Amino acid sequence: MEANQNIKITIAGRPYRLSVKLEEEEVVRKAADFVNQTILEYSKAFEYKDHQDLFAMIALQTSANSIRLEEERSFRNKDLEIKLSEIDEVLSSYLEKD
């Protein structure tokens, strides 16, 4: 059974209490740091009415990055599958000669 622990993070000056798995704590804290840093960068670069605008931009950026990474992973998996198939054919033809 995986143990959960309660942590407190702050995003855009607001505290949030979360219950996370022990092994996920570091990732959650890094994500909160990323969001806070991105809010800071966006607030300097763009006009905005409130943090909601910045959160929307961060959500869009993060979603676009996630989709791009998934597409790259899918491409690499297909490419790897093709390469492995080619290797299998070469090895099979070599073994058939003996």
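Here's what I pulled together on the structure shown here. (Residues numbered from 1 in each chain as written. Predicted model: local features only at pLDDT ≥ 70, side-chain atom pairs only at ≥ 80, totals over all residues. Heavy atoms only, no water.)

**Comments concerning a negative patch on the surface**
At step 1: Judged by side-chain charge, Asp79, Glu86, Asp88 and Glu89 come together as a negatively charged surface patch.
At step 2: You can see Glu86 is positioned in helix H2 (residues 51-97).
At step 3: The exposure class of Glu86 is partly exposed, given its relative accessible area of 44%. (Patch = residues over 30% accessible without salt bridge, like charges linked within 9 Å, V, L, I, M, F, W, Y side chains within 5 Å. Areas by Shrake-Rupley, 256 points an atom, 1.4 Å probe, with all protein chains shown as cover. Salt bridge = Lys/Arg side-chain N within 4 Å of Asp/Glu carboxyl O. Lys, Arg positive; Asp, Glu negative; His and termini not counted. Charge placed at Lys NZ, Arg CZ, Asp CG, Glu CD. Helix = DSSP H or I, 4+ residues; strand = E, 2+ residues; numbered from the N terminus. Buried < 20%, exposed > 50% of the residue type's maximum accessible area, 1.4 Å probe, protein only.)

**Notes on helix H1 (residues 25-45)**
At step 1: Taking 1.5 Å of rise per residue, 21 residues should cover 30 Å, and H1 covers 30 Å from first to last C-alpha, within 8% of that figure.
At step 2: Along H1, the positions that sit buried rather than exposed are Glu25, Ala32, Val35, Thr38, Ile39 and Tyr42. Angular distribution of buried residues about the axis of H1 spans 160°; they occupy a single face of the element. Set apart from the buried face of H1 by more than 90 degrees, the exposed residues are Glu26, Val27, Lys30, Asp33, Lys44 and Ala45.
At step 3: Next to the buried residues of H1 lie strand E1 (4-11), strand E2 (14-21) and H2. (Expected span 1.5 Å × (residues − 1). Arc of directions from axis to C-beta. Contact = heavy atoms within 4.5 Å.)

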